[in-house]
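Given next are the chains, with one letter for each unit.
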There are 2 protein chains.
Amino acid sequence: MNHEPLLIGIDAGGTSTRAVLADRRGTCLGYGVGGRGNPISAGADRAADGVLDAIEAALAASGASLSSVEVVVAAMAGMRAAGSDAWLKDRLVAKGFTGRLVFESDLLATYFSGAAAPFGYAMVSGTGACVIRVEDGRITGAGDGLGWLLGDRGSGFWIGHAIARAAVQDLDRTGPRTGLTDRVLAHYGLERTTVYEDGRQQELEELVGMLYSHPPIELAGLAPMAFEESDAIALGILAEAGEHLADTLSAVLTGPGPLVVGGSVLARSGPVRDAFIARLGAAADGLQLNPVGDGATGAAVLALRAAGIPPEETIRARLADTVAALR
Amino acid sequence: MNHEPLLIGIDAGGTSTRAVLADRRGTCLGYGVGGRGNPISAGADRAADGVLDAIEAALAASGASLSSVEVVVAAMAGMRAAGSDAWLKDRLVAKGFTGRLVFESDLLATYFSGAAAPFGYAMVSGTGACVIRVEDGRITGAGDGLGWLLGDRGSGFWIGHAIARAAVQDLDRTGPRTGLTDRVLAHYGLERTTVYEDGRQQELEELVGMLYSHPPIELAGLAPMAFEESDAIALGILAEAGEHLADTLSAVLTGPGPLVVGGSVLARSGPVRDAFIARLGAAADGLQLNPVGDGATGAAVLALRAAGIPPEETIRARLADTVAALR
């Protein structure tokens, strides 16, 4: 058993939650995963369950107890401005926790997963899309993250939405033909017909009905089709996504630095990344792109910081390596 | 009392229903208004109430009874393909109706409100946007009408959505400044602040929260702001709306003819109309734009047609004049 004070970083998302138990040197001693951890989307009780499950899994792996934890940093969207921490604090205290609970931005955790420098940027394009500028280790600028209806330009939702619109516009001939259409029809179990009613094909009516019968956000699930199809329409959607992400970054860009990239859209090389770099032009030269899987390492960096240990590259790298070894 | 067989045309919409009682010469003998009349959006019972209320108001004005009505044509969206007419037929029969009930497209009723020619086009841009091509008095082509999530490009929803996005992008500096922003903030009772949290102004967070707390379709209510504001962003939104409507029309355009225009977006002269005409280019020369208020007159034209009296301009004009006199 390790009796020095320990630290826990929580990276809580809309679908799952990760907990990293670390010592003050930046060695990950335990890693655990739980369910949904954001009380805004999951509700307080369910979110607390998700966080506690992740913490208990991380503790179990190391044999430590919550009473030896000095600081818990919970990185999650929208909780810094929220008033009460009782939904989580009470549950931790009931398990023997006597330390401090601090909320941080999930985007700042993404940043510190890939960088330790006090100045830089983090950009996430997964289901949604957003960017932050970090100065002196704090968020001083933010762009997009406005959700599927108002923004998230260049996100997985944005790409999936563009695919759905391209398919229906192909079918009703207000848009060009594209190989995406057959992929979308197949996704919903529909086939092309020659049946027309009031000037419109039957499969278009059926597809429209299908698309409106699901929550809009589920269109994000169509996004992979744009990477699988290689016609001009699919490539155009991906290039436009990359340009949107570049424009979002440009709104907070004030100088060179690391650019930590989260989410799958911009993580891999290809049409989105190419258009992103091209749109940024000379500004891209000053950025060091660093894709990360999630904010788990960064949440632990923030936990160390809350305990008085400032972010340094050696510590971040040790956390990243030792977290990776336990996954 | 008039004992010759009478005809009724119903123009049923998502918010109200109009009934025109006419004789075979095309004279409107009674006009009535009821509530929501489309069973797809309002439910069968409520829609039947809306249609019956409109019919009874039209009959009461003339002193006629439903037993003297030969044909009822009910023009409404999406009911031609629907199987059963019992939801309405049974209610009419219970009131003494012994004639025929025929469903027609609401867009075809819009067309015949403004034209009697067998070939032409009808374009509606209200909350939604769609176009039809009419040949031999039947719909042979359709464009858009794909709803707020997938299409309706150039509609009131499309304009309101663009306004909301322009405002949030102004506030988060991913877009240009615009006078629309203060209008949108005022609409939701919000004021500009200098309070920042994680790089984002408080009023932006509040506005985003407001916009997501209402059904997306209500963004159509913001559309008038684009006509009231005259900065480059507002004018750009209106011009793009006009171009989208032109592109939608172009998808079904095969030759010159009347273009009957429904809905408020394209009805008046101004930036939308100017961009619409400019985008159509030479094709606009062959179109006679004819704005109409609704499909009431056209539903009566369709009722006469169902009784064996083909559409003619003298009949359409008499119906339009005598309907207008009774409103």
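Residues numbered from 1 in each chain as written. Chains lettered and ligands numbered in written order. Predicted model: local features only at pLDDT ≥ 70, side-chain atom pairs only at ≥ 80, totals over all residues.

### Comments concerning the overall build of chain A
- The secondary structure content of chain A amounts to 13 helices and 12 strands.
- Whereas a compact globule of 327 residues would reach a radius of gyration of roughly 20 Å, chain A reaches 22 Å, a difference of no more than 12%.
- Relative to its full complement of 327 residues, chain A shows a buried share of 53%.
- Across chain A, every contact between residues at least 6 apart in sequence was considered, and the portion connecting residues at least 24 apart equals 69%. (Helix = DSSP H or I, 4+ residues; strand = E, 2+ residues; numbered from the N terminus. Rg over C-alpha atoms; globule rule 2.2 N^0.38 Å. Buried ≥ 20, exposed ≤ 12 C-beta atoms within 10 Å, placed from the backbone. Contact = placed C-beta atoms within 7 Å.)

### Considerations on helix α6 (residues 156-171) of chain B
All names here are of chain B.
- Its 16 residues place the ends of α6 23 Å apart at the C-alpha level, agreeing with the 22 Å of an ideal helix rising 1.5 Å per residue.
- In terms of burial, α6 is a largely internal element, 16 of the 16 residues being buried.
- Of the residues trailing α6, R173 is marked for its positive phi of about 65°. (Expected span 1.5 Å × (residues − 1).)

### Focus on the sheet that holds strand β7 (residues 129-135) of chain A
All names here are of chain A.
- Taken in spatial order, the 5 strands make up an open sheet running β8-β7-β6-β11-β12, and their pairing is mixed. A strand with exactly one partner marks an edge of an open sheet, and here the two such strands are β8 (138-144) and β12 (287-291). Strand after strand, the sheet turns through a mean of 20° between neighbouring axes, direction not considered.
- Note: strand β6 (residues 120-125) against β7, 6 bridges, orientation antiparallel. Its bridge partner lying in β7, V124 is registered against C130. (Pairing = 2+ DSSP bridges. Axes fitted to C-alpha atoms, helices over the stretch in contact; angles between N-to-C directions.)

### So, the packing of helix α6 (residues 156-171) of chain A against helix α10 (residues 232-250) of chain A
All names here are of chain A.
- Viewed as axis vectors pointing N to C, α6 and α10 meet at an angle of 145°, and their least axial separation amounts to 10 Å. In this structure, the crossing between α6 and α10 has a hand that is right-handed. Contacts between α6 and α10 involve W158, I159, A162, I163 and A166 from the first element and I233, I237, A241 and H244 from the second.
- A class-by-class count of the residues in the contact of α6 with α10 yields 8 nonpolar, 1 polar and no charged. (Left-handed = near helix turned anticlockwise from the far one by under 90°. Nonpolar A, V, L, I, M, F, W, Y, C, P; charged D, E, K, R; others polar.)

### Some points on the relation of the copies chain A and chain B
- In screw terms, the move from chain A to chain B is a rotation of 180° and a rise of 0.1 Å along the axis, fitting with an RMSD of 0.1 Å. In the structure described here, the two chain copies are related by an operation that fits a two-fold rotation axis. It is L149 of chain A whose C-alpha, among those of chain A, lies nearest the rotation axis, at 4.6 Å.
- Most of the interface of chain A is mirrored in chain B, where 100% of its interface residues are also at the interface. (Least-squares fit on C-alpha atoms with pLDDT ≥ 70 in both.)

### Concerning the domain arrangement of chain A
- On domain assignment, one finds that chain A holds domain 1 (6-104 + 295-326) and domain 2 (118-292).
- Placing a centre on the C-alpha atoms of domain 1 of chain A and another on those of domain 2 of chain A gives a separation of 31 Å. (Domains from an automatic or database assignment.)

### Examining the interface of chain A and chain B
- Every contact between the two is made by 33 residues of chain A and, on the other side, 33 residues of chain B.
- Secondary-structure elements contributing two or more residues to the side of chain A that touches chain B are β7, β8, α5 (147-150), α6, α8 (202-212) and α10 of chain A.
- The residue inventory of the side of chain A that touches chain B, partitioned by class, reads 14 nonpolar, 9 polar and 10 charged.

### Some remarks on the environment of D49 of chain A
All names here are of chain A.
- Mapped onto the secondary structure, D49 falls in helix α2 (residues 44-62).
- The exposure class of D49 is partly exposed, given the 18 C-beta atoms found within 10 Å.
- For the pair formed by D49 and G37, sequence separation is 12 residues and the distance between their alpha carbons is 7.5 Å.

### A look at the confidence of the model for chain A
All names here are of chain A.
- Predicted confidence across chain A gives a mean pLDDT of 93, with 98% of residues reaching 70 or more.
- Here strand β9 (residues 196-197) stands out as the element of chain A with the lowest mean pLDDT, 80, in contrast to helix α12 (residues 296-306), whose mean of 98 is the highest.
- Quick note on the complex model: pTM equals 0.88, ipTM equals 0.84. (pLDDT = per-residue confidence, 0-100.)

### A few points about the environment of D170 of chain A
Residue and element names in this part refer to chain A.
- With respect to the secondary-structure elements, D170 resides in helix α6.
- Taking the C-alpha atoms as reference points, D170 and T181, 11 residues apart in sequence, are found 7.0 Å from one another.
- Leaving out residues up to four positions away in the same chain, D170 has contacts with G175, P176, R177, T178 and T181.

### A word on the sheet that holds strand β3 (residues 28-34) of chain B
Residues and elements named next belong to chain B.
- Here 5 strands make up an open sheet; going across it, the order is β3-β2-β1-β4-β5 and the pairing mixed. In this open sheet, the two edge strands, each paired with only one partner strand, are β3 and β5 (100-104). Averaged over all pairs of adjacent strands, the angle between their axes in this sheet comes to 15°, without regard to strand direction.

### As for the nonpolar core
- By size, the foremost hydrophobic cluster in this structure holds 218 residues, and its most contacted members are V20 and I163 of chain A together with V20 and I163 of chain B.
- Non-local contacts of V20 of chain B, meaning those with residues more than four positions away in its chain, are made with I8, G9, C28, Y31, A58, A296, T297, A299, A300 and V323 of chain B. (Core = buried A, V, L, I, M, F, W, Y, C linked by C-beta atoms within 7 Å.)

### Describing the pairing of strand β1 (residues 6-12) of chain A
Residues and elements named next belong to chain A.
- Within β1, 7 of the 7 residues are buried, leaving the element largely enclosed by the surrounding structure.
- Residues L6, I8, I10 and A12 line one face of β1 and the alternating positions L7, G9 and D11 line the opposite face, and both faces are buried.
- Sheet analysis places β1 next to strand β4 (residues 69-75), joined by 6 bridges and oriented parallel. Looking at the pairing, L6 lines up with V69 of β4.
- With 6 bridges connecting them, β1 and strand β2 (residues 17-22) associate as antiparallel partners. Note on β2: the bridge partner recorded for G9 is V20.

### Topic: unusual backbone geometry
- Backbone geometry at D152 of chain A places phi at a positive 55°, although glycine is not the residue there.
- Following the sequence through the fold, D152 of chain A ends up in the loop between α5 and α6.
- One non-glycine residue, D136 of chain B, lies in the positive phi region at around 50°.
- Along the chain, D136 of chain B falls in the loop between β7 (129-135) and β8 (138-144).

### Overview of the packing of helix α2 (residues 44-62) of chain B against helix α3 (residues 86-94) of chain B
Residue and element names in this part refer to chain B.
- Running from N to C, α2 and α3 point in directions that differ by 45°, and their axes come no closer than 9 Å. With respect to each other, α2 and α3 are oriented oblique. Seen along the crossing, α2 lies across α3 with a hand that is right-handed. Side by side, α2 and α3 meet where A44, A48, V51 and L52 of the first sit next to W87, L88 and R91 of the second.
- Residues belonging to the contact of α2 with α3 are distributed by class as follows: 6 nonpolar, no polar and 1 charged. (Parallel < 35°, antiparallel > 145°, perpendicular 65-115°, else oblique.)

### Overview of the pairing of β4 of chain A
Residues and elements named next belong to chain A.
- The buried fraction of β4 is high, at 6 of 7 residues.
- In the sheet, β4 pairs with strand β5 (residues 100-104) via 5 bridges, with the strands oriented parallel. Within β5, the residue paired with V73 across the bridge is V102.

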